[in-house]
Amino acid sequence: MYRVRVDINDGYDVIIGNNLNGEIASFLEKITFTGKIAIITDDVVSALYLKLFYDNLMSNGFNVKTFQLMHGESQKNLSMYEKIAGFLIHNEFTRDDLIIALGGGVVGDIAGFAAATFMRGIRFINVPTTLLSMVDASVGGKNAIDVNGIKNIIGTFYQPIACFTDLDYLKTLDEKEFACGMAEIIKMSVLKGGRFHKIVSLYLDKRDEKTLEEIIYLSIEGKNEYVTADEKEKGVRTFLNLGHTVGHAIEKCSDYRISHGEAVSIGLNQILNISKHCTNINEETKNLIRNLLIKAGLPVDIPGDLTVEHIFEAVRSDKKRHGDTVSLILVNDIGDCIIKAIAIEELKDLLEKEAAYESNS
Ligand SMILES: NC(=O)c1ccc[n+]([C@@H]2O[C@H](COP(=O)([O-])OP(=O)(O)OC[C@H]3O[C@@H](n4cnc5c(N)ncnc54)[C@H](O)[C@@H]3O)[C@@H](O)[C@H]2O)c1
């Protein structure tokens, strides 16, 4: 079992291990609250795990209510947020009660947003159940909902009081969702480099549980370093966007057919190509990272039906664009990334150059 201390505001622990329901109950015994808990989850996670999770809390004397949404990004919207608020009001929740988000990033984001805003803030606990939400969404306190078709446009920074990362949930996750989490792990290993990067490579050869637990821990520890240094993303936290600017654009112009993790993988590969023109990255490093993504079962090339023009238009409307430039995280070497402001027209030229190179090779 690993423990990562996140030192933001009052601070909280992320516990990483197996079979953590007992840990959750004993944590709840120790904190001061009314004993009333709202579990927010989705239908898939509910069918697999809710009974066990609910029974564990009830048998420890807690008063538990549950709210279930349908799975999928389309549920992370204003009307679902209103339904959650209605459920909390109907069940007379107050600021002295507690919310537990049991699910992937969709559940974590909407439950976190509800927790941040219900009565101006009710405490909540994250129990992430996908690899992506374990290594990314559940750490750092960002939450959001999608409005008017714009992903994550309304949200806050609001930290949980604990996060229980139970690897047992991964046993039922399908290969594609697992690979999506690996995209974020590989991204973090490129940022941090050193032993972490070697262990990720080792894991993709061995696929054993012990190494998986270690790379999840290292990813969370890595993310922790960035978010504690810069909670509100005004400085170093921006590094976490490695592969994301182009990735978000690909996600968006595929109408979200391409999932977040797949888009990050394609975006990271594009960044490696762009880095060739702007940094000292060598061919060997570039291929090493690209091959890790492929080994994890992730796509690396822009799908044939998306043009550079489509992607460029989506980058142009990115909420993180600054005027006519966009800040890209580029790779010098594994463990050595830089932030560079690039004119969006120059980005278009580079993407076009690389697309022409790919189609000729
Ligand atoms: N707040 C942040 O910092 C942050 C960071 C990254 C991503 N996100 C958000 O996270 C969301 C994506 O998260 P996600 O990839 O976890 O998606 P998700 O929550 O949609 O989960 C993916 C699918 O897996 C199912 N599932 C969940 N746990 C399972 C399990 N243990 N076994 C079998 N199936 C399971 C879900 O029901 C869903 O169908 C996006 O909305 C994204 O914007 C937030």
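Residues numbered from 1 in each chain as written. Predicted model: local features only at pLDDT ≥ 70, side-chain atom pairs only at ≥ 80, totals over all residues.

**Observations concerning the overall build of the protein**
Spelled out, the test is: Elements are defined by DSSP. Helices are runs of H or I of four residues or more, strands are runs of E of two residues or more, and each kind is numbered from the N terminus. Every radius of gyration here is taken over C-alpha atoms, with the globule rule written as 2.2 Å times N^0.38, N being the number of residues. Residue burial is a threshold on neighbouring C-beta atoms within 10 Å of the residue's own C-beta, all placed from the backbone, with 20 or more meaning buried, 12 or fewer meaning exposed, and counts in between meaning partly exposed. Working definition of a contact: two residues with C-beta atoms, positioned from the backbone, lying within 7 Å.
Helix and strand counts for the protein come out as 13 helices and 11 strands. A globule of 361 residues ought to have a C-alpha radius of gyration of about 21 Å, and the protein, at 20 Å, matches this closely. Along the longest, intermediate and shortest principal axes, the C-alpha atoms of the protein span 65 × 45 × 35 Å. Within the protein, the fraction of its 361 residues that count as buried is 43%. Sequence separation of at least 24 residues holds for 73% of the intrachain contacts in the protein that already meet a minimum separation of 6.

**Quick notes on helix H9 (residues 244-253)**
For H9, the tally of buried residues reaches 10 of 10 residues, placing the bulk of the element in the interior. All of the buried residues in H9 are His244, Thr245, Val246, Gly247, His248, Ala249, Ile250, Glu251, Lys252 and Cys253. The inward-facing, buried residues of H9 contact helix H10 (260-278), helix H12 (308-316) and strand E10 (325-333). At the C-terminal side of H9, Asp255 shows a positive phi close to 60°.

**Things to note about the packing of helix H6 (residues 175-192) against helix H7 (residues 194-206)**
The line we're drawing: Helix axes are fitted only over the stretch in contact, all axes being lines through C-alpha atoms; the angle between N-to-C directions runs from 0 to 180 degrees. Each crossing gets its hand from how the near helix is turned against the far one by less than a right angle, where anticlockwise is left-handed and clockwise is right-handed. Residues are grouped as follows: nonpolar covers Ala, Val, Leu, Ile, Met, Phe, Trp, Tyr, Cys and Pro; charged covers Asp, Glu, Lys and Arg; every other residue, Gly included, is treated as polar.
Running from N to C, H6 and H7 cross one another at 150°; their axes reach a closest spacing of 7 Å. Of the two possible hands of crossing, H6 and H7 adopt the one that is left-handed. On H7, the residues that touch Ile185, Ile186, Ser189 and Lys192 of H6 are Gly194, Phe196, His197 and Val200. For the contact of H6 with H7, the per-class residue count stands at 4 nonpolar, 3 polar and 1 charged.

**Description of the site of the ligand**
The line we're drawing: For each residue, a C-beta position is placed from the backbone atoms; the residue is near a molecule or strand when that point lies within 6 Å of it.
Around the ligand, a shell composed of 31 residues is seen, among which Val44, His71, Gly104, Gly105 and Thr130 lie nearest. A breakdown of the residues in the shell around the ligand according to their chemical character gives 10 nonpolar, 13 polar and 8 charged.

**Section: the domain arrangement of the protein**
Test applied: As annotated, the domain borders come from an automatic or database domain assignment.
Assigned domains of the protein: these are domain 1 (2-173) and domain 2 (176-360). Taking only C-alpha atoms, the centre of domain 1 and the centre of domain 2 are 27 Å apart. Of all elements in the fold, only strand E1 (2-6), strand E2 (12-17) and helix H5 (131-137) reach the threshold of two or more residues within the side of domain 1 that touches domain 2. No other element matches the 5 residues that H5 contributes to the side of domain 1 that touches domain 2. Grouping the amino acids of the side of domain 1 that touches domain 2 by side-chain chemistry returns 16 nonpolar, 4 polar and 3 charged.

**As for the pairing of E10**
Heads up, the rule is: Following DSSP output, two strands are said to pair if at least two bridges run between them.
In the sheet, E10 pairs with strand E11 (residues 336-343) via 8 bridges, with the strands oriented antiparallel. Counterpart to Ile329 in the pairing with E11 is Ile339. Between E10 and the antiparallel strand that follows it, E11, lie 2 residues; Gly335 among them carries a positive phi value of about 85°.

**Some remarks on H10**
Each α-helix winds once per 3.6 residues, and so residues spaced three or four apart point in a common direction. Here is the rule: Working rule for helices: expected span equals 1.5 Å times residues minus one.
Look at H10: 26 Å from first C-alpha to last across 19 residues, which is about the 27 Å you get at 1.5 Å a residue. For H10, the tally of buried residues reaches 16 of 19 residues, placing the bulk of the element in the interior.

**A look at the nonpolar core**
Put simply, the rule is: For this analysis, nonpolar core means a set of buried Ala, Val, Leu, Ile, Met, Phe, Trp, Tyr and Cys residues linked through C-beta atoms within 7 Å.
Formed by 99 residues in total, the largest nonpolar core has its most connected members in Ile99, Ile100 and Ile271. The leading source of residues in this core is H6, at 9 residues. When we break this core down by domain, the ones giving at least three residues each are domain 1 (2-173) and domain 2 (176-360). Those residues in contact with Ile271, other than ones at most four positions away along the chain, are Leu242, Gly243, Val246, Leu328, Ile329, Leu330 and Val331.

**Examining the packing of H9 against H10**
What counts, and what does not: Note that the term roughly parallel is reserved for angles under 35 degrees, roughly antiparallel for angles over 145, roughly perpendicular for angles of 65 to 115, and oblique for everything else.
At their nearest, the axes of H9 and H10 sit 7 Å apart, and the two run at 130° to each other. Accordingly, the angle class assigned to the pair H9 and H10 is oblique. For the crossing formed where H9 meets H10, the hand is right-handed. Contacts between H9 and H10 involve His244, Thr245, Val246, Gly247, His248, Ile250 and Glu251 from the first element and His260, Ala263, Val264, Ile266, Gly267, Gln270 and Ile271 from the second. Split into classes, the residues belonging to the contact of H9 with H10 amount to 6 nonpolar, 7 polar and 1 charged.

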